[in-house]
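As a plain string of letters, each chain reads:
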Amino acid sequence: MGALRVVRWSARYDEAVAFYRDAIGLQVLETFRDSYGLDGTILGLPGGPVHLEIVRLQGLPSPARGLDQLVFYLPDAAAQEKVRARLAAAGFHPVAQIEYWQANGGITYQDPDGREVVFASWVYGPPRS
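Sequence order as written defines residue numbering, which begins from 1 separately in each chain. Residue-level local features of this predicted model are given only where pLDDT is at least 70; pairs of side-chain atoms are given and counted only at 80 or more, and the full residue set underlies all totals for whole chains, interfaces and linings. Each side-chain value is worked out from all heavy atoms of the structure, with water and hydrogens disregarded.

Below, the discussion takes up a nonpolar patch on the surface. Together, Leu4, Leu45 and Val50 make up a nonpolar patch on the protein surface, roughly 250 Å² of accessible area in all. Numbering of helices and strands starts at the N terminus; helices are DSSP runs of H or I of at least 4 residues and strands are runs of E of at least 2. By the element assignment, Leu4 lies in strand 1 (residues 4-10). A residue counts toward a patch only above 30% relative accessible area and without a salt bridge, and it is joined to like-charged neighbours within 9 Å or, for Val, Leu, Ile, Met, Phe, Trp and Tyr, to nonpolar neighbours within 5 Å. For accessible areas, the Shrake-Rupley method is used with a probe of radius 1.4 Å. Any residue's cover is judged against the shown protein chains and nothing else. Salt bridges are identified by distance alone: a Lys or Arg side-chain nitrogen within 4 Å of an Asp or Glu carboxyl oxygen.

Attention now moves to the side chain of Thr41. Its location among the elements puts Thr41 in strand 3 (residues 38-44). Not counting the four nearest positions on each side in its chain, Thr41 is found in contact with Tyr13, Val17, Val28, Glu30, Thr31, Phe32, Leu52, Glu53 and Ile54. Whether two residues touch is decided by their heavy atoms; if any such pair falls within 4.5 Å, the residues are in contact.

Let us now look at the sheet that holds strand 1. Sheet strands pair via backbone hydrogen bonds, and the direction of the pair is either parallel or antiparallel. Spatially, the four strands line up as an open sheet ordered 1-4-3-2, and their pairing is mixed. Looking along the sheet, the strands with just one partner apiece sit at the ends: strand 1 and strand 2 (27-35). Ignoring strand direction, the axes of neighbouring strands in this sheet form an average angle of 20°. Two strands qualify as a pair provided that DSSP identifies no fewer than 2 bridges between them. One ladder, built from six bridges, connects strand 2 with strand 3; its direction is antiparallel. Every axis in this analysis is a line fitted to C-alpha atoms, fitted for helices over the stretch in contact. Angles between the N-to-C directions lie between 0 and 180 degrees.

Moving on, we come to the nonpolar core. Here, nonpolar core refers to any group of buried Ala, Val, Leu, Ile, Met, Phe, Trp, Tyr and Cys residues whose side-chain atoms link them within 4.5 Å. Each residue is placed in one exposure class: buried if its accessible area under a 1.4 Å probe, protein chains only, is under 20% of its type's maximum, exposed if it is over 50%, and partly exposed if it falls in between. With 21 residues, the main nonpolar core has Tyr20, Ile24, Ile54, Leu87 and Phe119 as its most contacted residues. Listing elements by their share of this core, those giving two or more residues are helix 1 (13-23), strand 4 (50-56), strand 5 (66-73), helix 2 (77-89), strand 6 (106-110) and strand 7 (115-120). Considering each element in turn, this core owes the most residues, six residues, to helix 1. With sequence-adjacent residues up to four places away left out, Leu87 is seen in contact with Phe19, Ala23, Ile24, Phe92, Tyr109 and Phe119.

Here it is in structure tokens:
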């Protein structure tokens, strides 16, 4: 595998793009209009092979709310606090979260479509055998 892209269909496209771009701080890599009938924005981490694509949802029901989580692993508690302050300044506040994140230093928010976005104050690494 060379890269990973997560695609989220959004009934609140403009607000969702602003949330991930402005409130979280992801870099816009590309925006497209009417590409195979779709409008979207591809965002990413600087220099990373991981992308988040937001696609305008037209004429379909809104995505289901609930335990659909996108997790951002941050290098430490200071980085997590910067994200928390940035989101608070943009008017977003933490929501109730599952016990795992509560016990392991996560903070959960909802994006404009009601999907959960978690910010952990540590970077995941698989268990060593």
